[in-house]
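# Geometric and topological summary
So you can see what is in the structure, the chains are spelled out below.
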Amino acid sequence: MPISFYNTLTRKKEKFIPISADKVTIYSCGPTVYNSPHIGNLRAFVFVDILVRYLRYRGYNVVNVMNLTDVEDKSIKASIEAKTPITQFTQKYIDLFFSDIKEMGCIPSTYYPRATDNIPEMIEIIKALTENKHTYVADGSVYFKISSFKDYGKLANLDIKTLKKNADGRLSLDEYEKEDAKDFVVWKAHSESDGEVFWESPFGKGRPGWHIECSAMSTKYLGQPIDIHTGGVDLIFPHHTNEIAQSEGATKKKFVNYWLHSEHLKVDGKKMSKSLGNFYTLNDIKKLGFSPLALRYFFVSNNYRVQINYTNDVMVSSTNSIKKLNDFVFFLKNIKSSTGDDANCIIEESREKFIQAMDDDLNSPIAFSSIFDLISKTYKINLSKESASNILDYLREINSILGIIDFSSEEGDIDLEIEQLIEKRDMARKAKDFKTADNIRDELLKRNIELIDSPQGTIFRRNK
Ligand code: AMP
Ligand code: ZN
């Protein structure tokens, strides 16, 4: 079965056909670095990570870019308020972003360009747009004339007729709502409120609009068209809508083949956002006692196109699910028997279901269910060391996509005293002497030894 993705542009699931047979190019809108990333942002970044890892697993050579938006309205305002030069101000949040995505188990993108390093490329696009009669100048700023671009608003499903009625006037803000669709700014003339933030250009002293930044960085690193462009659903309008108008208006070539948008993380039923102030950072989550990988599990075990709501309860259940997976690894590592059942059928069935689910627009909840099916089937058979090791290999294979399972648990080195205590506890349990059995478990726990009751008997783990 081929891979298919839901394409926001066509509002359909489509078979994925990359431009080149073995290479896939992906551009993802990265963080706006004016304050700490919140865990909603991290959901969008983990989605990119899973997408890239899965395409690599399926044999594609992926080149991906995630930009750092280090100059736009909010970062300028915040850096002036903090009385810190903008590059110094944003650096702190760039560092935080990198440390957060690392803790979330994301593998680095191929490139992380910064907007402020790509101003000449933005100027070139604005020049091309001007040549192609898509712009005009007003009050010293350069605006994109949306009526000059035939398909303006297609990605966001904007009604062109209503648009024409309401689209008089222009906007110099970076962010605005669909109802406010108007000519948007590509180069903003310098104003006092921008302080020291400006560049010289053929259109005068000023700075780029937010949308032109991504048009420039995507084309510079990936050419045009790009296979896949990602971002959260909030970026469909105006950001991605305007990126299309600019990139296609400048080159007259298609900009992107597949637009993939990840849904929001909500909290108390509302979108988690910096402007609403209702957000958790990764640090907040860690202070609550949850691990970044539990958060990753919560994201990946849900479909990326479904809104999800953050609660502490979902974090507890994600923590438990990861523990189930890690306990299973520990169990497999401790199988010693030289004879037993073959696990190849169980592995094959699981792999087939896993790939089928992920091929279907990265349907990760179904992919996860294939792993838990494998676990319950494995616990029911008599494993040999060889089949246990085959299952471990399979888990390593799929973990190259999921990035959740911990394989570092040691093989339980057989400590005679512990073995004897386990045997004593098993006998006590058989005799329904649960008090003695519980005492032994508690005694071992004090020594950081945890007992795990598996269908194949009791095994133990040394907790760190
Ligand atoms: P920003 O730093 O605000 O530019 O956002 C970075 C990425 O996070 C973008 O792809 C946004 O669409 C995405 N994003 C913002 N808020 C949320 C949220 N609450 N849930 C999921 N993704 C979000
Ligand atoms: Zn962008």
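Residues numbered from 1 in each chain as written. Chains lettered and ligands numbered in written order. Predicted model: local features only at pLDDT ≥ 70, side-chain atom pairs only at ≥ 80, totals over all residues. Heavy atoms only, no water.

## Brief notes about empty space enclosed by the protein
To find leftover empty space, a probe the size of one water molecule is rolled over the atoms. Note the threshold: A pocket here means an open set of points on a 1 Å grid, computed over the protein atoms alone, that has protein on both sides within 12 Å along at least five of seven lines. A cavity is instead a set of points where a 1.4 Å probe fits but cannot get out; residues with an atom within 4 Å of a point line either one. Grid points are joined across faces, edges and corners, and a volume is the space filled by probe spheres set on the points. Counting from the N terminus, the helices are DSSP H or I runs at least four residues long and the strands are E runs at least two residues long. All amino acids are sorted into three groups, where Ala, Val, Leu, Ile, Met, Phe, Trp, Tyr, Cys and Pro are nonpolar, Asp, Glu, Lys and Arg are charged, and the leftover types, Gly among them, are polar.
Enumeration over the complete set of coordinates arrives at 3 cavities of 30 Å³ or more. Here the largest cavity defines a volume of roughly 120 Å³. Surrounding the largest cavity, R43, V46, F47, I50, F299, V300, N302, Y304, L362 and S364 form its lining. Where the lining of the largest cavity is concerned, the elements lending two or more residues are α1 (39-57) and α9 (292-300). The leading source of residues in the lining of the largest cavity is α1, at 4 residues. Across the lining of the largest cavity, the residue classes tally to 7 nonpolar, 2 polar and 1 charged. Taken as a whole, the second largest cavity holds about 90 Å³ of empty space. F45, V48, D49, V52, N64, M66, I101, C106, I107, P108, S109 and Y112 together form the lining of the second largest cavity. Looking at the lining of the second largest cavity, the elements that each hand over two or more residues are α1 and β4 (61-66).

## Points about the side chain of T8
Under the convention used in this document: Any two residues whose heavy atoms approach within 4.5 Å are treated as being in contact.
Within the secondary structure, T8 sits in the loop between β1 (4-7) and β2 (12-15). Apart from the residues lying within four places of it in its own chain, the contact partners of T8 are L155, I236, W259 and H261.

## Comments concerning the packing of aromatic side chains
Going by this rule: Aromatic rings from Phe, Tyr and Trp, with only the six-membered ring used for Trp, were paired whenever their centres fell within 6.5 Å, and each pair was classed as stacked if the ring planes differed by under 30 degrees, edge-to-face if by over 60, and tilted otherwise. Only protein chains enter the accessibility calculation, which uses a 1.4 Å probe; a residue whose area is less than 20% of its type maximum is buried, one above 50% is exposed, and one in between is partly exposed. Remark: a charge is flagged as sitting over a ring if the NZ atom of Lys or the CZ atom of Arg is within 6 Å of the ring centre and within 35 degrees of the ring normal.
Using the criterion set out here, one finds 24 aromatic pairs in the structure. Relative to F237, the ring of Y176 has its centre 5.7 Å away and its plane inclined at 85 degrees; by these criteria the two rings are edge-to-face. Residue Y176 is located in the loop between β7 (170-171) and β8 (183-189), and its partner F237 is located in helix α7 (residues 236-251); the two are separated by 61 residues in the primary sequence. Here the two residues Y176 and F237 agree in accessibility, since each one is buried. Through a chain of ring-to-ring contacts, the aromatic side chains of F5, F16, Y60 and Y258 assemble into a single cluster. Positioned over the ring face of F198 is K205, at 4.2 Å from the centre of the ring. For R305, the ring lying beneath its charged end belongs to Y6, and the centroid distance is 4.0 Å.

## Structural notes on the sheet that holds strand β11 (residues 256-262)
To keep things clear, this is the line we draw: In this analysis, strands are considered paired if DSSP registers two or more bridges between them. Helix axes use the C-alpha atoms of the stretch in contact, all axes being lines fitted to C-alpha atoms, and the angles between their N-to-C directions lie in the range 0 to 180 degrees.
Spatial ordering of the open sheet is given by β4-β3-β10-β11, a layout of 4 strands whose pairing is parallel. Of all strands in the sheet, those with a lone pairing partner are β4 and β11, marking the two edges. Going from strand to strand, the sheet's axes swing by 20 degrees on average, the running direction of each strand aside. Taken together, the 6 bridges between strand β3 (residues 23-28) and β4 define a ladder with parallel strand orientation.

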